[in-house]
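Structure at a glance
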Amino acid sequence: MSATPASAIPKTAGNPRSRVVIASLVGTSIEFYDFYVYATAAVLVFPTLFFPNEDPTASQLSSFVTFALAFFARPVGSIIFGHFGDRVGRKATLVASLLVMGTATFLIGCLPTFASIGIWAPVLLAVMRFAQGVGLGGEWSGAALLATENAPKGKRGVFGSMPQLGAPIGFLLANGLFIAINAAMPAGADGTPNPEFQAWGWRIPFLLSAVLVIIGLYVRFRLVESTVFRGVQESGTVAKVPLGRVFRTSWKAVVIGTFGMVATYVLFYFMTTFTLSYGTTGAEAGPLVPKPGLGYTRGEFLTLLMIGVVFFGIFTPIAGILADRFGRRRTLIPTTIGIALFGLTFQFWFAASTGPITVVTFLVVGLSLMGLTFGPMGALLPELFPTNVRYTGSAIAYNVASILGASLAPTIALALWKPDGNIFLVGLYLTIAAVVTLVALLFVRETKSAGLDDADRSGEPDAAPAEVRA
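Below or above, wherever it landed, is the structure these notes cover. (Residues numbered from 1 in each chain as written. Predicted model: local features only at pLDDT ≥ 70, side-chain atom pairs only at ≥ 80, totals over all residues. Heavy atoms only, no water.)

Another point: the nonpolar core. Ranked by size, the top nonpolar core spans 96 residues in total, and within it Phe46, Phe50, Phe270 and Ile423 carry the most contacts. Among the elements that take part in this core, helix H13 (residues 251–280) stands out by supplying 16 residues, more than any other. Among all residues touching Phe270, those that are not within four sequence positions of it are Thr275, Phe346, Ala409, Ala413, Val426, Tyr429 and Leu430. (Core = buried A, V, L, I, M, F, W, Y, C linked by side-chain atoms within 4.5 Å. Buried < 20%, exposed > 50% of the residue type's maximum accessible area, 1.4 Å probe, protein only. Helix = DSSP H or I, 4+ residues; strand = E, 2+ residues; numbered from the N terminus. Contact = heavy atoms within 4.5 Å.)

Right under this line is the structure:
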């Protein structure tokens, strides 16, 4: 995977460039690593280990309910950590969010199962998953602010793309680890899970997350507070209640930022979750396969998907560079139009695939678009808000967008996936989401050349000019 080398990023006042990049990147890497690890475990082991007294379908649904808990906990985390991030400071809040998230992930790997403690096992799993969501709710915004508020002039786009690289890195780490574990503990010929994997192998990815957490904490403890936030502290303009202030003075930015991220989330979960489901579902319909797909094994399709994710990683910093050179809007608007057109090709390209080359080409195009839309968001969302509510505002927009775009996408995709295997309506849903995002982007003012303190002086940085400019 390609990324902007640290040597190419100028040093920042107070925080060396390498420290800013690592500190902003590691938390989001854990965030997406956790998503894939938990999603895989929710399918492979949690139904039988934590919900064994229900029928198989009910066990799977119960497992997915705990998975969804994190999405609804994230706005809670955005409010909690946003409050302290805007009141106390970015550094302390970044450390706290990483501790909450990392501790919960590690403890899931230590949980006793239903066979050991009965009903308390799924209860504790749900509590840990909710705690993960709370930590995640404050993690992205803090990492994005760390990157953008420490960025040199004219480099906020590329700096802001560094936390975004956590998505492809987390995917590659998590799925690469599961492929290695599956190779060491293969399932039976009839698909029966390996007893060692069921007993303890599934715990390894959760426990290993502690390594990333330790690295992240070490780097974040060595940070100094950003200059722009210190300026707010010294001027006495720290918001007493950031949540109330952000909705009083910057509610337009919250709305625009939220809907400006919807297509990004829908595309992300379609390209990683839906394509995996469709690609690994049997090619022929029957009593056990009500909706036909491409018929790849999970290992085969994951390999193809990981190739596509490499391009996600390549285009994320490229998008940051483009956003610095041409502007946020001029990068995101054409990309969003591309996403809308891409959605119309699902049935005629992906569903009609005749071989792995066609499949991987589809994945490369979709995930390249994902990098182009995701990369600039690390700079754009923080730039919409004044410094004294930037943590809270950007966190709420980002996490509410995750509920609207991510939590609903898998369910909607399943409903739109026709019994004969037709997925045109699935792609059309992505196109509609892209149109919603495109409308929001038309009302975003260009922030490429504006200083972060310009938002502090203007009071309502979200207001678009009377004449919408491209």
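That was the structure; now back to the text.
If you walk through the whole model with that rule in mind, you get five cavities of 30 Å³ or more. Within this model, the largest cavity holds a volume of roughly 110 Å³. Lining the largest cavity, in full, are Glu31, Phe32, Asp34, Phe35, Ala70, Phe71, Arg74, Arg129, Leu136, Tyr265, Tyr269 and Tyr398. Mapped by element, the contributors of at least two residues to the lining of the largest cavity are helix H1 (17–44), helix H3 (56–87), helix H6 (120–149) and H13. (1 Å grid on protein atoms, 1.4 Å probe; cavity = no way out; pocket = protein on both sides within 12 Å on 5 of 7 lines; lining within 4 Å. Points joined across faces, edges and corners; volume = space filled by probe spheres on them.)

Summarising the element assignment, Arg230 is placed in helix H11 (residues 227–235). When the C-alpha positions of Arg230 and Pro163 are compared, they lie 22 Å apart, and in sequence the two are 67 residues distant. Looking at Arg230, its side chain comes within polar contact range of the main-chain oxygen of Glu225, at 2.3 Å. (Polar contact = N/O pair within 3.5 Å; in protein donor to acceptor, adjacent residues only side chain to side chain.)

The next point concerns the packing of helix H14 (residues 298–326) against helix H15 (residues 328–343). Closest axis-to-axis distance for the H14/H15 pair is 6 Å, and the angle between their directions is 125°. The angle between H14 and H15 falls in the class oblique. Residues Ala319, Leu322, Ala323, Asp324 and Phe326 of H14 touch H15, and the partners they reach there are Arg328, Arg330 and Thr331. Among the residues forming the contact of H14 with H15, the class breakdown is four nonpolar, one polar and three charged. (Axes fitted to C-alpha atoms, helices over the stretch in contact; angles between N-to-C directions. Parallel < 35°, antiparallel > 145°, perpendicular 65-115°, else oblique. Nonpolar A, V, L, I, M, F, W, Y, C, P; charged D, E, K, R; others polar.)

Tallied over the full model, the rule gives nine salt bridges. Notably, a salt bridge pairs Arg390 with Glu149, separated by 2.9 Å at the nearest N-O pair. One end of the pair, Arg390, is in helix H19 (residues 390–407); the other, Glu149, is in helix H6, with 241 residues separating them in the sequence. The two residues Arg390 and Glu149 agree in class, both being buried. (Salt bridge = Lys/Arg side-chain N within 4 Å of Asp/Glu carboxyl O.)

Running from N to C, H1 and helix H10 (residues 203–221) cross one another at 165°; their axes reach a closest spacing of 9 Å. Judged on the interaxial angle alone, H10 and H1 are roughly antiparallel. Judged by the twist between their axes, the crossing of H1 over H10 is left-handed. Every residue of H10 that contacts H1 at Arg19, Ile22, Ala23, Val26, Gly27, Ile30, Tyr33, Val37, Tyr38 and Ala41 is listed here: Pro205, Phe206, Leu208, Ser209, Leu212, Val213, Gly216, Val219 and Arg220. Residues that form the contact of H1 with H10 fall into these classes: 14 nonpolar, three polar and two charged. (Left-handed = near helix turned anticlockwise from the far one by under 90°.)

What follows covers a nonpolar patch on the surface. On the surface, a cluster of nonpolar side chains totalling about 600 Å² of accessible area is made up of Phe247, Trp251, Val255, Phe259, Leu404, Ile432 and Val436. Here the nonpolar patch gets three residues from one element, more than from any other, and that element is H13. With respect to the helices and strands, Phe259 occurs in helix H13. (Patch = residues over 30% accessible without salt bridge, like charges linked within 9 Å, V, L, I, M, F, W, Y side chains within 5 Å. Areas by Shrake-Rupley, 256 points an atom, 1.4 Å probe, with all protein chains shown as cover.)

Here we take up H14. Here H14 spans 40 Å end to end across 29 residues, near enough to the 42 Å set by a 1.5 Å rise per residue. Phi turns positive, to about 110°, at Gly327, one or two residues after H14. (Expected span 1.5 Å × (residues − 1).)

With that settled, consider the environment of Leu98. If you trace the backbone, Leu98 turns up in helix H4 (residues 90–108). Judged by relative accessible area, which is 0%, Leu98 ranks as buried. For the pair Leu98 and Leu173, spaced 75 residues apart in sequence, the C-alpha separation works out to 18 Å. Not counting residues within four places of it along the chain, the set of residues in contact with Leu98 comprises Gly27, Ile30, Thr103, Glu139, Val213, Gly216, Leu217 and Arg220.

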